[in-house]
Amino acid sequence: MAILEVRNIEKHFGNTQVLSDISFSLEEGQALSIIGSSGSGKTTLLRCLNFLERPDHGSIAVKGGVIFDASDPSTQSEKDIRQKRLHFGLVFQNFNLFPQYTALQNVTLARELLARERGGENRDAIVKAGRELLAQMGLADRAYHYPHQLSGGQQQRVAIARALALQPDILCFDEPTSALDPELTGEVLRVIRSLAEQKTTMIIVTHEMAFARDVADQVIFMDGGVIVEQGDPREVIDHPREERTRQFLARYTEN
Amino acid sequence: MSVILGRLCEGFIINCQIFGLTLVFSIPLGLLVCFGSMSRFKPLSWLVKTFVWIIRGTPLMLQLLVIFLGPGLLGWGTPWPAGNSGRLMAAVVAFVINYACYFSEIFRGGIESVPRGQYEAGQVLGMTKPQIFFKVTLLQLVKRIVPPMGNEIITLVKDTSLARIISNKEIIMTANEYAAKGLIWPLFSTAIFFLVFVGVLTLLFGWFERKLDYFR
Ligand SMILES: Nc1ncnc2c1ncn2[C@@H]1O[C@H](COP(=O)(O)OP(=O)(O)OP(=O)(O)O)[C@@H](O)[C@H]1O
Ligand SMILES: [Mg+2]
């Protein structure tokens, strides 16, 4: 059974339709890459999954349970949305680390707040888990650095650890390397690659075609708010069937 | 001379009272005004913004007179008790309203300067709105408003002497009485009181800014 089932999502801002009839599913432990030109609606789609935007139409199911259905108001209560968000993690293009906290505090803050609310885990366990996550990101020696003392690549890895700390079912990345200097993208892509090897369920919006092809189990190409083509990355990226996909990829191989 | 200095000190206590009371009340009121002007309910935000415009757009001296004399002139009867305490009270009310409006604009600037992404990062991590406010945005906001608040508060120290317009016997008024009798030095020496007070505040704000220097 698919861990994520997205059906007929639509979203408009005012009169502009940004997403139309988006449907796809994702199996547990798989990585999905979303590619597409600027303005095609990739960020909006991730924001819908994380309840930062509310779709006008369609439904989202996680592990077989419908967590959002635009036609069913009972799935949209403000209170539940907070809980439902925790199915997803989101790594932002520009990191959005909390500047007043150290790397370690960034990773542990949300989990501590949740633990305080629900009981359970004690602080030491959370801090220990936070350190392990930072170590996994290759940042064991940066735990007490503040974000402004870290390079962009290091900041993004802290942000990934922060998202992983809440153990989301599905981790979403919105162009995780776009804000980085070219020489820093490698370290972030390596970390995501190792997460894929550990069978982390992920959705990765990216402009790194080679990376998408290597790491993803499935690729979606979006254009103008619709899914133009989806399937195996080697099929979609190396042998696209649709003309629009071909044009997009041609532009990429040119530069 | 020591008698004169004693009188000046008594006057300066009035300035300090106005200063302290204004701070204590105008900061929370400023927060309220700020939320009002940022309200998504348009009529409220429009009303509050108009009010802020009027208060910031007219001289504080005029506002003091309006607050103190206005109700009486309109035939409502004056709400202020007779004597010095009534004058002080009227002055504090005028100062609180005036400074709440200035502070509200500083608060608004501070709130709007915290990037939206900070708020969204908190949301995505399952935090509640109060958690996001207190754990994520508050300190960033404080860091940004400390310098403009410092400026405004230093201005307040000097503005307190405007209270003499409704006959509060603050330091300048006291010194002026000597000047009228031909004794000038008390008037000039009032500068020392203000300079010392502002100096202490400057050190305090500098210390606070350095405290928050550890992050950007
Ligand atoms: N809050 C908003 N209000 C109005 N229009 C919006 C809003 N957010 C996005 N849009 C519009 O929706 C369209 C899709 O935007 P989106 O950010 O999802 O594209 P994207 O595929 O992520 O692009 P990029 O590759 O540049 O990040 C764009 O035309 C954008 O202008
Ligand atoms: Mg985008």
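You'll find the structure just up there.
What counts and what doesn't
- Residues numbered from 1 in each chain as written.
- Chains lettered and ligands numbered in written order.
- Predicted model: local features only at pLDDT ≥ 70, side-chain atom pairs only at ≥ 80, totals over all residues.
- Heavy atoms only, no water.
- Contact = heavy atoms within 4.5 Å.
- Buried area = accessible area lost by both parts, 1.4 Å probe.
- Salt bridge = Lys/Arg side-chain N within 4 Å of Asp/Glu carboxyl O.
- Polar contact = N/O pair within 3.5 Å; in protein donor to acceptor, adjacent residues only side chain to side chain.
- Helix = DSSP H or I, 4+ residues; strand = E, 2+ residues; numbered from the N terminus.
- Nonpolar A, V, L, I, M, F, W, Y, C, P; charged D, E, K, R; others polar.
- Near = heavy atom within 4 Å.
- Areas by Shrake-Rupley, 256 points an atom, 1.4 Å probe, with all protein chains shown as cover.
- Buried < 20%, exposed > 50% of the residue type's maximum accessible area, 1.4 Å probe, protein only.

Participant: Account for the interface of chain A and chain B, naming residues and giving values.
Facilitator: Contacts between the two partners involve 25 residues from chain A, matched on the other side by 19 residues from chain B. Here chain A meets chain B over a buried area of about 2,100 Å², counting both sides, of which 62% is carbon and sulfur. There are one salt bridge connecting chain A and chain B. Our count for the chain A to chain B interface comes out at nine residue pairs in polar contact (both at pLDDT 80 or more). When residues of the side of chain A that touches chain B are traced back to their parent elements, those giving at least two are α2 (78–85), β6 (88–91) and α3 (103–118) of chain A. Looking at the side of chain A that touches chain B element by element, the count peaks at five residues for α3(A). Residues belonging to the side of chain A that touches chain B are distributed by class as follows: 14 nonpolar, five polar and six charged.

Participant: Quick rundown of the site of ligand 1? Include the residues and the values.
Facilitator: Residue and element names in this part refer to chain A. The environment of ligand 1 is formed by F13, V18, S37, S38, G39, S40, G41, K42, T43, T44, E175 and H207. The side chain of E175 places a nitrogen or oxygen atom 3.1 Å from an oxygen atom of ligand 1. Taken by itself ligand 1 offers 640 Å² of open surface, and the protein chains cover 58% of this. If you tally residues by element for the shell around ligand 1, the top one is helix α1 (residues 42–49), at three residues. Broken down by class, the residue content of the shell around ligand 1 amounts to two nonpolar, eight polar and two charged.

Participant: How would you sum up unusual backbone geometry? Please name residues and give values.
Facilitator: Backbone phi values are negative for most residues with the exception of glycine, while trans is the configuration of most peptide bonds. Residues and elements named next belong to chain A. In this structure, F51 takes a positive phi of about 60° despite not being glycine. For F51, the location among the structural elements is in the loop between α1 and β4 (57–62). Even without a glycine there, the phi angle at F95 is positive, about 65°. By the secondary structure assignment, F95 is in the loop between β6 and α3.

Participant: Hey, could you go over helix α7 (residues 171–180) of chain B for me, with residue numbers and the actual values?
Facilitator: All names here are of chain B. α7 sits mainly inside the fold: seven of its 10 residues count as buried. The secondary structure elements touched by the buried residues of α7 are α1 (2–38) and α8 (185–211). Between a side-chain oxygen at the N-terminus of α7 and the backbone nitrogen of I172 the separation is 3.1 Å; the capping residue is E170. At the C-terminal side of α7, G182 shows a positive phi close to 95°.

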